[in-house]
Each structure stands twice: as structure tokens, then as C-alpha cells.
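Residue-level structure breakdown
Given next are the chains, with one letter for each unit.
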Amino acid sequence: SAVFGQVNLNSPSQVKQALQAKGVKCDSTGQEVLKPLAGKYPQIASLLSYRKYAAMLKKLDELKNVHPVTGRIHPKFDPLNAYTGRFSCSKPNLQNIPRDENVGVDESIRACFVPQEGFQFVLADYSQAELRIAAEISQDRLMIKVFKSGQDLHQLTASRVLEKPIDQITSSERQCAKALNFGLIYGMGSSGLAAYASSQFGVPMTETEADRYREKFFDTYRGVRTWHDKEKLNPHREELRTRSGRLIHFAGKGFTQRLNTPVQSLAADLIKVALAILVRKLEQREARIICMIHDEVVVESKKSITGEIEAIVKAAMLQAGEGLLTHVPLEVDISVADSWAGK
DNA sequence: TAACCTCGCCAC
DNA sequence: AAACGTGGCGAGGTTA
Ligand SMILES: Nc1nc2c(ncn2[C@H]2C[C@H](O)[C@@H](COP(=O)(O)OP(=O)(O)OP(=O)(O)O)O2)c(=O)[nH]1
Ligand SMILES: [Mn+2]
Ligand SMILES: [Mn+2]
């Protein structure tokens, strides 16, 4: 094309050079930068589309090593690799399998993950996991109240940003709002907020508008602002002790990391406690934990006992909160399905 | 050739 | 890309 003559589209440096040669000023060629330019340059839209499909094909390629005997994929789960105490997963990573709405064609990668004959999946995921924990850690009065009354903050934020009634928020709009909520509580700035809203949410937002939105957010959740201010005051604390007793080396960590680490760590501890409870309860039953994705558990359960297993999984995940959280209630979204796509 | 880095993108 | 964070992976590109 006129913009990309003889360039390797897989090479960010060549792409950047080609764009700059055409007078497109950019530092990076990532989505945040290119997406707002896609309307003006159809070639950029094509490039982003190509990158998306290429990423999907790469993911599929990673999933080729099915064990000949078990018919399963056996990744490595490492409980002690991530800084915050999250599990990591590799070879292949099953914690970043594309969600169906992002695959780009009417196909599902997650639907390829199915239980063995005569079994079903129980899929259980903490609702608004780290928002609840942030409410607990910051002791924000309103946020705690919101969770006690069973409201949905992701949905609420989507509704505010899109200026649409709450009952008209689609699941993918809610999904987009997650990054806004977490961005805000973990210290995202006005420029980051504006860029994200424009590129991922499709809502053009100037930096001034972003700044106004941030202020509104922190006026609403005053305890979150106080938490941030407090964290700004002691930027040199070198140790963090988690509620479960782990000591985390904190030296050299910046403001945003200091906000995130206690929350993500507690979330990691929460699900680990839940898994420990659960693995024992499942021992004598025909059901096994086959995957975990940070705040989600996938259990493969014999069909005839799925109802009982569902109750056990939910109870274990809620019970884990009893020793770790004091003010905020937990909720678990749970479903039974014949594939990871959720039926 | 292999090891390493950066970039971009997937998930939570 | 920037004061959101935590990860893994492939491809290009560089270095040993
Ligand atoms: N800092 C940060 N953390 C994220 C982001 N996306 C997900 N997480 C973390 C915080 C979430 O609570 C946690 C689990 O992700 P989920 O997709 O299950 O979202 P969440 O539990 O908040 O909402 P849900 O009610 O399950 O749809 O992972 C993000 O964009 N930034
Ligand atoms: Mn969740
Ligand atoms: Mn989840």
C-alpha cells in the first residue's frame, strides 16, 4: 500500500519507520497510539486487524501439544513465580486464552477446552475481585456500601462513561470498564485515562475531560483518595506484610506498584486458601481442579454429582474470605458448562 | 546457533 | 507511551 511499501508488518521498527516517513508522528506503534489514527488511515486499520488475527493464530499454535495418552494439555503452574504471589502458568500459558468476544471471527478457542466424557465443568469466578479487596484495604465507606448492597461497580462505570442506562450495558462494555476501574484505583493518570477511553472504549476523551472524570471518581470514593495520599507519604517503606503473613520486599517500588501490590497479593492469597480448602473436599469425590486463572477456578466434575460440586466450590471460595476479609462481602459467579466457553 | 532484548498483544 | 499492576509468548533484531 501507499503507506507500507516493502515493510515487514511483523517488525515494529520497520512499521514505525514507514509511518514516520509518511508524516505520521508516533513513538510506539501499539494499539493506544494507532487505534485513534485508524479512522484517518485505512492502512493502519488493516495493520491492527492483521496483528489481531496473527496473535490469535499464534495462540492456537501454542495449543498443539496435546498429550497422546491423556488427551490433555499439561501446562506448568507455578505458585511462587509472580511478585505478588499470583500463580503464573507457562508452556503453554492457559491463563491468557483469548476471550470469545476478542477472537475476531465467529469461533471460540475456549470452546475447544471440554471435559472428558461423562463430566462437566464447574466455572467459578470471584465477582469484582480486586475492587472488593481495594475497598477492604482502603476502607472506602461508599465502596464497602456498594458491595454490601450487591451492586456492580464495573457496570456502573461503563454506564457513567458511555452515558447509558445501567441496564443497557453489554458484557463487553462492562469488560472495557474493568480496565478503567482498575486503572483509576492503581493510579492511572489523566493522559493514560484519555488514551484508554479513546482507544479501547471508543469514547473520545480529551485530557481535560479525563482529569475531570478522575476528580469525580475520587470525590465519589473518598477513601480511595485517602489511601492514595497515604501511600504517597511513605514512598520509601521497604517491606510489606500481607494479611496472610507473607513478607514482600518493597524497596524501589514506585507509587503505582505500591498501590497494586497489597491488593493483588491479598487476592492471590484468597484464591490460594480457597484452592487448599477445595482440593481436600474434592479428594474423595469424582471431581478435580484442572485450571485456575487468578480469581477463577475450573473444576471437572462427574455429571451425576455436579450440583453437589457446584455448592462445594462456591462454599470453599467464600470460606476463604472469612479469615482474610472483615468488612467486604465476597460474591462468586458460578456456572456449569460443557466447555470453557460456558456452554 | 543460541542467548538475550524489545515490542506488541493476549489474559487476569 | 505516559504514575494502572501481574504475568507468557512469538517475532524481529542484536550480541556472543
Ligand atoms: N491492574 C489491573 N488488574 C486487572 C485488570 N484486569 C483484571 N485485573 C485483576 C483485577 C480483577 O479483579 C482480577 C480478576 O479479573 P476478572 O476478569 O475476573 O475481573 P473482576 O473479578 O474484577 O470482575 P468480574 O466480576 O469477575 O467480571 O484481575 C487490569 O486491567 N488491570
Ligand atoms: Mn472475577
Ligand atoms: Mn476472572
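What counts, and at which threshold
- Residues numbered from 1 in each chain as written.
- Chains lettered and ligands numbered in written order.
- Predicted model: local features only at pLDDT ≥ 70, side-chain atom pairs only at ≥ 80, totals over all residues.
- Heavy atoms only, no water.
- Near = heavy atom within 4 Å.
- Polar contact = N/O pair within 3.5 Å; in protein donor to acceptor, adjacent residues only side chain to side chain.
- Helix = DSSP H or I, 4+ residues; strand = E, 2+ residues; numbered from the N terminus.
- Nonpolar A, V, L, I, M, F, W, Y, C, P; charged D, E, K, R; others polar.
- Donors = N, O, S within 2.8 Å, 3.2 Å for Na, K, Ca; no water.
- Buried < 20%, exposed > 50% of the residue type's maximum accessible area, 1.4 Å probe, protein only.
- Areas by Shrake-Rupley, 256 points an atom, 1.4 Å probe, with all protein chains shown as cover.
- Domains from an automatic or database assignment.
- Contact = heavy atoms within 4.5 Å.
- Buried area = accessible area lost by both parts, 1.4 Å probe.
- Salt bridge = Lys/Arg side-chain N within 4 Å of Asp/Glu carboxyl O.

So, about the protein's contact with DNA strand B. Close contacts around DNA strand B come from 21 residues, with Thr-29, Arg-86, Asn-96, Arg-99 and Asp-295 the closest. Between DNA strand B and Thr-29 there is a distance of 2.4 Å, counted from a phosphate oxygen to a side-chain nitrogen or oxygen. In this structure, Arg-86 approaches DNA strand B through a side-chain N or O atom, which is 2.8 Å from a base oxygen. It is helix H3 (residues 42–62) that provides the largest number of residues to the surface near DNA strand B, a total of four residues. Classifying every residue of the surface near DNA strand B gives six nonpolar, nine polar and six charged.

Protein coordination of the manganese ion (ligand 3) is provided by Asp-125 (OD) and Asp-295 (OD), with donor distances spanning 2.1 to 2.2 Å. Judged by relative accessible area, Asp-125 falls into the partly exposed class, the value being 24%.

Here we come to the site of ligand 1. With respect to spatial proximity, 15 residues lie near ligand 1, and among them Asp-125, Gln-128, His-154, Arg-174 and Lys-178 are the closest. In this structure, Gln-128 approaches ligand 1 through a main-chain N or O atom, which is 2.9 Å from an oxygen atom. At a separation of 3.0 Å, an oxygen atom of ligand 1 approaches a polar backbone atom of Ala-129. Look at ligand 1: alone it shows 600 Å² of surface, and the protein chains cover 73% of it. Of all the secondary structure elements, the ones that give two or more residues to the shell around ligand 1 are strand E3 (119–126), helix H4 (129–138) and helix H7 (171–185). In the shell around ligand 1, the residues fall into five nonpolar, four polar and six charged.

Now for the domain arrangement of chain A. Looking at the assigned domains, one finds that chain A contains domain 1 (1–62), domain 2 (70–129 + 248–343) and domain 3 (131–247). The C-alpha centroid of domain 3 is placed 23 Å from the C-alpha centroid of domain 2. Opposite the 33 residues of domain 2 that make contact, domain 3 presents 37 residues. Buried surface at the junction of domain 2 and domain 3, both sides included, amounts to about 3,100 Å², of which 59% is carbon and sulfur. Connecting domain 2 to domain 3 are two salt bridges.

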